[in-house]
Amino acid sequence: MRHEYRPPQRRSRLTRRGRLALFVGTLFALGAALLIPILRGGDVPETPRRLLIPEGWRAPQVYAAVDRELKLPPGSTKAAVATAGLALPAEAKGNPEGYLFPATYPVTSKSTPATLLTHMVRTANRKLATQAVADGGKAHGMTPYQTATLASIIEAEAEGRADMGKVARVVHNRLAKSMPLQMDSTINYALNRSTVDTKLSDTRIDSPFNTYARQGLPPTPIDSPGLEALAAAVAPTPGDWLFFVTVKPGDTRFSATYEEHSKHVAEFNRIRAGAGSRTGQAGPAGK
């Protein structure tokens, strides 16, 4: 077999500078390969804090809670409403009252008043859009905003969940008869207070929230209603009640006639006088 002649090849030799560059490059490549897993392994996800918004809170209470949680100056969250781009219905006219849904919200270092308010409003819209609430509201001829408004009254007036359906029925029955709602909770909202002691002079104030003097629902919700109140608003308990009064804690009396209601109010007043202070809450025409 013939062997083809091949000239001897010279082995390439690195210069001192070349060897140094190769050494540094190798170290860099190895270091980067080792560093990336270390960085990934140490990138621990942030554990969110929890912000609880209870049922029945008014918007100013929610604003103050967000300010405290985010350690911001008072008024920061309220000021953020104007620029947060909240998905509110046109009826709200930019006021998120009733749409700051009560729930527990995650808070991280990236949270801002705008992101938290957006989450709350989005949650409220989602709850109002559930089939049961949406269909129930339509059956009663209510818009979602009116449903939220009615539910906010139920949230404020009912002593507990067991009474929500009956309170809702009283509201529906009064609306059907074109009777003023006469709810103390709307008076309290107008006067920016929380009390069960409403005086006769309070019922004469000039306010769109004075449901003693004006018929129909108030112009906006008066607090943040929860899911139970929303459900009661669109599916009230069957009954012919037009009045109610909480005679004492755990004892709310519902009546179809003013005469029966008057007897319950008299008992309520006797208990209040004996205790030296008011212990219950009068419902419609309870004064």
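Above this note sits the structure.
Reading guide: rules and limits
Residues numbered from 1 in each chain as written. Predicted model: local features only at pLDDT ≥ 70, side-chain atom pairs only at ≥ 80, totals over all residues. Heavy atoms only, no water. Helix = DSSP H or I, 4+ residues; strand = E, 2+ residues; numbered from the N terminus. Expected span 1.5 Å × (residues − 1). Buried < 20%, exposed > 50% of the residue type's maximum accessible area, 1.4 Å probe, protein only. Contact = heavy atoms within 4.5 Å. 1 Å grid on protein atoms, 1.4 Å probe; cavity = no way out; pocket = protein on both sides within 12 Å on 5 of 7 lines; lining within 4 Å. Points joined across faces, edges and corners; volume = space filled by probe spheres on them. Nonpolar A, V, L, I, M, F, W, Y, C, P; charged D, E, K, R; others polar. Core = buried A, V, L, I, M, F, W, Y, C linked by side-chain atoms within 4.5 Å. Axes fitted to C-alpha atoms, helices over the stretch in contact; angles between N-to-C directions. Parallel < 35°, antiparallel > 145°, perpendicular 65-115°, else oblique. Left-handed = near helix turned anticlockwise from the far one by under 90°.

Draft legend 1. Just helix H7 (residues 161-176), in detail. Across its 16 residues, H7 extends 24 Å between first and last C-alpha, which sits within 8% of the 22 Å expected from 1.5 Å per residue. Residues of H7 that are buried: Asp163, Met164, Gly165, Val167, Ala168, Arg169, Val170, Val171, His172, Asn173 and Arg174. Contacts made by the buried residues of H7 are with helix H6 (144-157), helix H9 (227-234), strand E3 (243-248) and strand E4 (251-255). Of the residues trailing H7, Ser178 is marked for its positive phi of about 55°.

Draft legend 2. Geometry of the layout of surface pockets. Roughly 420 Å³ of internal volume is contained in the largest pocket. For the largest pocket, the lining is made up of 20 residues, of which Gly56, Arg58, Asn188, Arg193 and Ser194 are closest to its centre. Only helix H2 (59-69), H6 and helix H8 (184-190) provide two or more residues apiece to the lining of the largest pocket. Considered class by class, the residues forming the lining of the largest pocket number six nonpolar, nine polar and five charged.

Draft legend 3. Representation of empty space enclosed by the protein within the structure. Evaluated as defined, the whole model comprises one cavity of 30 Å³ or more. In this structure, the largest cavity encloses a volume near 40 Å³. Here the residues of the lining of the largest cavity sort into six nonpolar, one polar and no charged.

Draft legend 4. Examining the nonpolar core more closely. Leu51, Tyr99, Leu100, Leu116, Met120 and Ile154 are the most contacted members of the largest nonpolar core, which totals 51 residues. Of all the secondary structure elements, the ones that give two or more residues to this core are H2, strand E2 (104-107), helix H4 (113-128), H6, H7 and H9. Those residues in contact with Ile154, other than ones at most four positions away along the chain, are Met164, Val167, Ala168, Ala229, Ala232 and Ala233.

Draft legend 5. Spatial organisation of the side chain of Thr220. With respect to the secondary-structure elements, Thr220 resides in the loop between H8 and H9. For Thr220, the contacting residues outside a window of four places in its chain are Asn95, Tyr145, Thr149, Tyr189 and Phe209.

Draft legend 6. Fine view of the packing of H2 against H4. It is at 10 Å that the axes of H2 and H4 come closest, and there the two elements cross at 135°. The pairing of H2 with H4 is recorded here as oblique in orientation. The two elements H2 and H4 cross, and the hand of that crossing is right-handed. Counting all contacts with H2, which are made through Val62, Tyr63 and Val66, the residues of H4 involved are Pro113, Leu116, Leu117 and Met120. Residues belonging to the contact of H2 with H4 are distributed by class as follows: seven nonpolar, no polar and no charged.

Draft legend 7. Here's a closer look at unusual backbone geometry. Although it is not a glycine, Gln182 sits at a positive phi angle of roughly 55°. Locating Gln182 in the fold gives a position in the loop between H7 and H8. Residue classification places Gln182 among the buried residues on the basis of a relative accessible area of 17%. Even without being a glycine, Asn192 presents a positive backbone phi close to 55°. Within the fold, Asn192 resides in the loop between H8 and H9.

Distances and angles like these do not, on their own, reveal function.
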